[in-house]
Amino acid sequence: MTHDTDRNLQLFQRAQKVIPGGVNSPVRAFKAVGGTPRFVARAQGAHFWDANNKRYIDYIGSWGPMILGHGHPAVLEAVQKAAVEGFSFGAPTEREVELAEEILSLVPSMDMVRLVSSGTEAGMSAIRLARGATGRSKLIKFEGCYHGHADALLVKAGSGLATFGNPTSAGVPPEVVQHTLVLEYNNVAQLEDAFALHGKDLACLIIEPIAGNMNFVRASVPFMTRCRELCTQYGALFIFDEVMTGFRVALGSAQSVYAKAIPGFEPDMTVMGKVIGGGMPLAAFGARRAVMEQMAPLGPVYQAGTLSGNPIATACGLATLREIRKPGFYEALAAKTQKLMSGMKAAADQSGVPLSVDSEGGMFGFFLFDALPQNYAKVMTTDNKRFNALFHGMLDRGVYFAPALYEAGFMSAAHSDEDIAATVQAAAEIFRTL
Ligand SMILES: *Cc1c(COP(=O)(O)O)cnc(C)c1O
């Protein structure tokens, strides 16, 4: 396609003049995979159409929120009705109460939630609350886990356990991350050493229980068990960042998956986003009552938002949650996801291409490795050239996977058997050339 006919390219060039890198969130720029980002014109069900009117099977779904597919009739109706009633009031509404009740009924580890507008905001506020509630400053995060772009969380590992992290972004002063300790995911020995050294000063430990920002890596059951035990022993709050996994991997979210393996398991705090907004800007954080009552206006931890609990976003989120709680929803979604993963695995096997796959509910990951990786360092040894060949081959064939090897994939209820068969077929063609 030439410049004269490629609307994606024209738009990308125009965008780069007025928006840094042409995008409003970096991964959209295709920097990792090269080529021209697809500018989305419209979407319906499991598909979207780009500016050239080419159709794609969408396995991003806005990075998770579109679990029902695009333009679900019940969600559209709720949003249209809410829009007519008013865009934003800066005063409480019944719908916020309904959404809070709905979330709490599905995730019983929380007694109260506060609604905000992005996962970043929710994660940042949860950390502030953990620090306020414990009167401590230090926190643990894991390499490869993303919790939004709050300053204190943009950190990579320091030179040793006794030293704290280094900023991963310019503009974050070292003093701001001096309390953030970055550990290797799934490394029990390192975790134990860190608690032995710093446990009494730790406000919290924050984790992606199934990490979706290093493709798809599960916290092992022994590792999760130790995280829980050590947080309890040292009085640090255990924060589950379920912005991606919340209502995505199961109706009870990732914590319900771990509760099956670890009797009585629950985190102290939960951060939610993505699916709970159904595609609108909405996120939340919650905990037991005694912790949440530390929040303003009841307690000393300040947090606020002009658009928090926005009436259109809450309508969209509520309508989405009411669909996903219907009987059999997750069984059907998980079956589709497994069908896609097993189909791709079989296709790779036929061509002798190493592929390992994993999925939970409607979230999946595949790696060009024989075995599933356990941490970020291993994920990042992926052969970039092979991954990019796979990505672009799929894109040419009308299948949209994440444009970076460290991102997960997302199935929706709208994906059909034909979509999955077409995806497997396309993958088989590419595996033969890898
Ligand atoms: C997406 C994501 C965030 C950040 O949410 P935004 O709404 O993009 O700010 C935080 N944590 C996890 C695990 C995420 O996947």
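Residues numbered from 1 in each chain as written. Predicted model: local features only at pLDDT ≥ 70, side-chain atom pairs only at ≥ 80, totals over all residues. Heavy atoms only, no water.

(A) Looking closely at the site of the ligand. Close to the ligand lie Ser118, Gly119, Thr120, Tyr146, His147, Gly148, Glu208, Asn213, Asp241, Val243, Met244 and Lys274, which account for all nearby residues. In the complex, 82% of the free accessible area of the ligand, which totals 380 Å², lies under the protein chains. Here the shell around the ligand is built from residues that sort into 3 nonpolar, 6 polar and 3 charged. (Near = heavy atom within 4 Å. Areas by Shrake-Rupley, 256 points an atom, 1.4 Å probe, with all protein chains shown as cover. Nonpolar A, V, L, I, M, F, W, Y, C, P; charged D, E, K, R; others polar.)

(B) Region of interest: the sheet that holds strand 18 (residues 409-410). Across the sheet, 3 strands lie side by side as 15-16-18; this open sheet has antiparallel pairing. Of all the strands in the sheet, just strand 15 (356-360) and strand 18 have a single pairing partner and so form its edges. Bridge count for strand 16 (residues 363-367) against strand 18 is 2 bridges, and the pairing is antiparallel. Pairing of methionine 363 across the sheet is with phenylalanine 410, part of strand 18. (Pairing = 2+ DSSP bridges. Helix = DSSP H or I, 4+ residues; strand = E, 2+ residues; numbered from the N terminus.)

(C) Broad picture of the domain arrangement of the protein chain. Examined at the domain level, the protein chain breaks down into domain 1 (7-71 + 327-431) and domain 2 (73-324). Centre-to-centre separation of domain 1 and domain 2, based on C-alpha positions: 25 Å. The interface of domain 1 with domain 2 comprises 31 residues on the first partner and 32 residues on the second. The contact between domain 1 and domain 2 buries some 2600 Å² in all, and 61% of this surface belongs to carbon and sulfur atoms. The three residues of domain 1 that bury the most area against domain 2 are Tyr330, Glu360 and Met363, which together make up 24% of that side's buried surface. Where domain 1 touches domain 2, the interface holds 2 salt bridges. (Domains from an automatic or database assignment. Contact = heavy atoms within 4.5 Å. Buried area = accessible area lost by both parts, 1.4 Å probe. Salt bridge = Lys/Arg side-chain N within 4 Å of Asp/Glu carboxyl O.)

(D) Layout of empty space enclosed by the protein. Counted under the stated rule, the structure contains 3 cavities of 30 Å³ or more. Each pocket or cavity is described by its volume, and for the largest cavity that value is around 90 Å³. If you trace the largest cavity, you find it lined by Asn215, Phe364, Gly365, Phe366, Phe387, Phe401, Ala402, Ala404, Glu407, Ala408 and Gly409. With 3 residues, the single largest contributor to the lining of the largest cavity is strand 16. Of the residues in the lining of the largest cavity, the class split is 7 nonpolar, 3 polar and 1 charged. Space inside the second largest cavity adds up to approximately 50 Å³. Residue lining of the second largest cavity: Gly45, Ala46, Asp58, Gly61, Met66, Gly69, His70, Arg248, Phe410, Met411, Ser412 and His415, and that is the complete set. Its residues placed into classes, the lining of the second largest cavity shows 4 nonpolar, 6 polar and 2 charged. (1 Å grid on protein atoms, 1.4 Å probe; cavity = no way out; pocket = protein on both sides within 12 Å on 5 of 7 lines; lining within 4 Å. Points joined across faces, edges and corners; volume = space filled by probe spheres on them.)

(E) Highlighting the packing of aromatic side chains. Evaluated as defined, the whole model comprises 22 aromatic pairs. With a centroid separation of 6.5 Å and 85 degrees between ring planes, the pair formed by phenylalanine 240 and tyrosine 258 is classed as edge-to-face. Taken as a pair, phenylalanine 240 in strand 12 (residues 237-242) and tyrosine 258 in helix 7 (residues 253-261) lie far apart in primary sequence, 18 residues in all. A residue is classified by how much of its surface remains accessible, and phenylalanine 240, at 0% relative accessible area, is buried. Measuring from ring centre to ring centre gives 6.1 Å for phenylalanine 367 and phenylalanine 369, while their planes differ by 10 degrees; the resulting arrangement is stacked. As far as the burial class goes, phenylalanine 367 and phenylalanine 369 line up, both buried. (Phe/Tyr/Trp six-rings, centres within 6.5 Å; stacked < 30°, edge-to-face > 60°. Buried < 20%, exposed > 50% of the residue type's maximum accessible area, 1.4 Å probe, protein only.)

(F) Just the layout of surface pockets, in detail. There is about 340 Å³ of room inside the second largest pocket. If you trace the second largest pocket, you find 19 residues lining it, with Pro92, Thr93, Glu96, Ser308 and Gly309 closest to the centre. Going through the elements one at a time, helix 3 (94-106) and strand 4 (112-116) are the ones with two or more residues in the lining of the second largest pocket. Looking at the lining of the second largest pocket element by element, the count peaks at 4 residues for helix 3.

(G) Layout of the sheet that holds strand 8 (residues 180-183). Taken in spatial order, the 7 strands of this open sheet run 4-14-13-12-9-5-8, and their pairing is mixed. Edge positions in the sheet fall to strand 4 and strand 8, since each has one partner strand and no second. Strand after strand, the sheet turns through a mean of 20 degrees between neighbouring axes, direction not considered. Two strands pair when backbone bridges link them, and strand 13 (residues 269-272) and strand 14 (residues 283-287) are joined in this way by 4 bridges, in the antiparallel orientation. Bridged to valine 271 within strand 14 is phenylalanine 285. Against the sheet, helix 5 (residues 188-198) makes contact with strand 5 (138-142), strand 8 and strand 9 (202-207), and its axis sits at roughly 160 degrees relative to strand 8, the strand it touches most. (Axes fitted to C-alpha atoms, helices over the stretch in contact; angles between N-to-C directions.)

(H) How the structure looks around the environment of leucine 11. One can find leucine 11 in helix 1 (residues 7-18). Residue class for leucine 11 comes out buried when judged on its relative accessible area of 17%. Each C-alpha atom of the pair leucine 11 and threonine 36 lies 9.7 Å from the other, and the pair is 25 residues apart in sequence. Excluding its chain neighbours within four sequence positions, the residues that come into contact with leucine 11 are Phe39 and Ala51.

(I) Unusual backbone geometry, seen in detail. Note the cis peptide between alanine 296 and proline 297, where omega equals 10 degrees. Residue position: proline 297 is located in the loop between helix 8 (289-292) and helix 9 (311-324). Look at serine 62: it is not a glycine, yet its phi comes out positive at around 60 degrees. For serine 62, a relative accessible area of 42% gives the class partly exposed.

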